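Examination of the molecular architecture
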Amino acid sequence: MAASSFPALHFPSSSSSSSSQKLSTRLPASSNRCKGRSLSAHPIITATISEKPYISQPPAPPLTAAVAPEKPSKLPVRKVPGDYGLPLVGPWKDRQDYFYNQGRDEFFKSRILKYQSTVFRTNMPPGPLISFNPNVIVLLDGKSFPALFDTDRVEKKDLFTGTYMPSTDLTGGYRTLSFLDPSEPNHAKLKKLMFFLLSHRRDHVIPEFHSSYTELFESMEKDLATKGKAGFSSANDQAAFNFLARSFYGADPKDTRLGSDGPKLVSKWVLFHLHPLLILGLPRPIEDGILHTFSLPPFLIKKDYQRLYDFFYQNSTPVLDQAEKLGISRDEACHNLVFATCFNSFGGLKIFFPNMLKWVGRAGVKLHTELAQEIRSVIKSNGGNVTMAAMENMPLMKSVVYEALRIEPPVPSQYAKAKRDFVIESHDAAFQIKEGEMLYGFQPFATKDPKIFDRAEEFVPTRFVGEEGEKLLKHVLWSNGPENATPSVNNKQCAGKDFVVLASRLLLVELFRRYDSFDIEVAASPLGASVTITSLKRASF
């Protein structure tokens, strides 16, 4: 989603065999042996999902602590190019270019060429009348972009959705974790609660994923048999919501008053947060004149949101008990659980799973065969069990997940505000940033930086295999931080970084344990890609 961060939920894993056996699901025996080339040609990726449960780190130093002086840059110092135009007119014109006249990618590319710089000034949507200070300094290369993660230099308060903040009436009157800066006392409490949410039921994640996505694939097979094609994106919405509810809370939505309405309610509620940033395909006078100019009133979604809140409140007693131990009221905690599960986690899986399937589908039969061989061989050698330890021995599968996160990150935009004056460096120049200035990074440009990645615009499945591939993981930034860094209470890195990677690996494992190959059709949608499956070739070995 177009937001500054998409923290989902941290998943502390275990490398012990006993834990791996608990976190497993057994494969049906196959009458055919796995065949094909040796997988030893793929060195093991050693940068993996966190092996230890989250441990609270010492509190961050107060903002008044002494700050080390900036080291002089060896690059030529350049004034940040670009301007914001006339008040009201400049932001409106930039919004028209961003959404309609040029489109998002061309909006950035044209300004890189105009200013001969990957760092420049512009306005970011939505602008007036929703945001009255849309002025930003844009960072569009892999060297300058990490400045957005440096909490010594920048703050993240109320910047989750960018230059505007949705009404807190959408979240029970609370500023949820995503909108808090690490310097705020509630940030550490709420982030610890998110870590607890996953750790207390971690044994259920792999089995519930298998159950939920088995239902998805069986449903898609029926649609293919009767209709000749099957929509993955809508089916994935239901499977993802069921998986999260079952694994985090031990509740099956279909057995509650919520039924199958969860994804629909979440999508409507998220629209009230993000409509200023979306292209919905409506007539331009309505879309731009209303949805990009005025905030939708929260009372219109109040009843739908209450249904979501009631579901989570009724099924999260252990988590709410833990919240009270951390000094958080049950009401505030539940609103944060709704946001973390529905906006962050569900939203992430809703966007990223179709996107990853798009890239894997387009890569063709050769990659599909290699993935099927690797996945089935490792599972067979693990006694038919899918465990985290087993997945660590699937280097190609792991690399494919990282490459999908690199080439099309599920959270393309990050924002931060300078706490003090400091210098940002691109590959070619240094720029003086002043206290209070807003920084914006469009991540796909940073993670497709040709000065960092070879064949940067291509989907290269083996990019992160081996020692050299592992070194590139620090440039995979989808989680509001480097892939080789660790989320903590002191930073804004996605609390669920490891969980999202785990779930994405499980999708490939479930897909290629059942099928040799598949074909797809892809269309655009307001959030990510809309993927339709046109064929599924059942496992033949």
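Read on for a plain summary of the structure.

Cut-offs and rules
- Residues numbered from 1 in each chain as written.
- Predicted model: local features only at pLDDT ≥ 70, side-chain atom pairs only at ≥ 80, totals over all residues.
- Heavy atoms only, no water.
- Helix = DSSP H or I, 4+ residues; strand = E, 2+ residues; numbered from the N terminus.
- Contact = heavy atoms within 4.5 Å.
- Phe/Tyr/Trp six-rings, centres within 6.5 Å; stacked < 30°, edge-to-face > 60°.
- Buried < 20%, exposed > 50% of the residue type's maximum accessible area, 1.4 Å probe, protein only.
- Lys NZ or Arg CZ within 6 Å of the ring centre and 35° of its normal.
- Pairing = 2+ DSSP bridges.
- 1 Å grid on protein atoms, 1.4 Å probe; cavity = no way out; pocket = protein on both sides within 12 Å on 5 of 7 lines; lining within 4 Å.
- Points joined across faces, edges and corners; volume = space filled by probe spheres on them.
- Nonpolar A, V, L, I, M, F, W, Y, C, P; charged D, E, K, R; others polar.
- Salt bridge = Lys/Arg side-chain N within 4 Å of Asp/Glu carboxyl O.

The next subject is the overall build of the chain. Along the chain, the regular secondary structure elements total 17 helices and 12 strands. For the chain, the proportion of contacts with a sequence separation of at least 24, taken over those separated by at least 6, is 75%.

So, about the packing of aromatic side chains. Considering all chains together, one arrives at 36 aromatic pairs under this definition. Where Phe241 meets Phe346, the ring centres are 6.1 Å apart and the plane angle is 80°; that geometry is what we call edge-to-face. Here Phe241 is found in helix H6 (residues 232-249), whereas its partner Phe346 is found in helix H11 (residues 330-363), with 105 residues between them in sequence. Each of the two residues, Phe241 as well as Phe346, counts as buried. Ring plane angle 85° and centroid distance 5.2 Å describe the contact between Phe311 and Phe312, whose orientation is recorded as edge-to-face. Using a relative accessible area of 1% as the deciding quantity, one classes Phe312 as buried. Note that Arg376 overlies the ring of Phe541, its terminal NZ or CZ placed 4.4 Å from the centroid. Here the guanidinium or amino end of Arg406 rests over the ring plane of Phe453, the centre of that ring lying 5.0 Å away.

A few words on the pairing of strand S12 (residues 529-538). By the bridge criterion, 2 bridges tie strand S5 (residues 230-231) to S12 in an arrangement that is antiparallel. From the neighbouring strand, Ala230 faces S12, where its bridge partner is Ile533. Counted between consecutive antiparallel strands, the loop separating strand S11 (residues 515-524) from S12 contains 4 residues, among which Gly528 sits at a positive phi close to 75°.

Our next topic: the layout of surface pockets. Empty space within the largest pocket amounts to approximately 970 Å³. Lining of the largest pocket is provided by 40 residues; of these, Arg104, Glu408, Ser525, Pro526 and Gly528 occupy positions nearest its centre. When the residues that make up the lining of the largest pocket are grouped by side-chain class, the tally is 27 nonpolar, 6 polar and 7 charged.

The next subject is the pattern of salt bridges. For the structure on display, the rule yields 34 salt bridges. The partner of Glu221 in a salt bridge is Arg514, and the shortest N-O contact between them spans 3.1 Å. Here Glu221, found in helix H5 (residues 205-227), pairs with Arg514, found in helix H17 (residues 497-514); they are 293 residues apart in sequence, far enough to count as distant. The salt bridge partner of Arg455 is Glu458, with a shortest N-O separation of 3.0 Å. Given the relative accessible area of 38%, Glu458 is considered partly exposed. When salt bridges with common partners are traced through the structure, they connect Lys93, Asp94, Asp97 and Arg111 into a single cluster.

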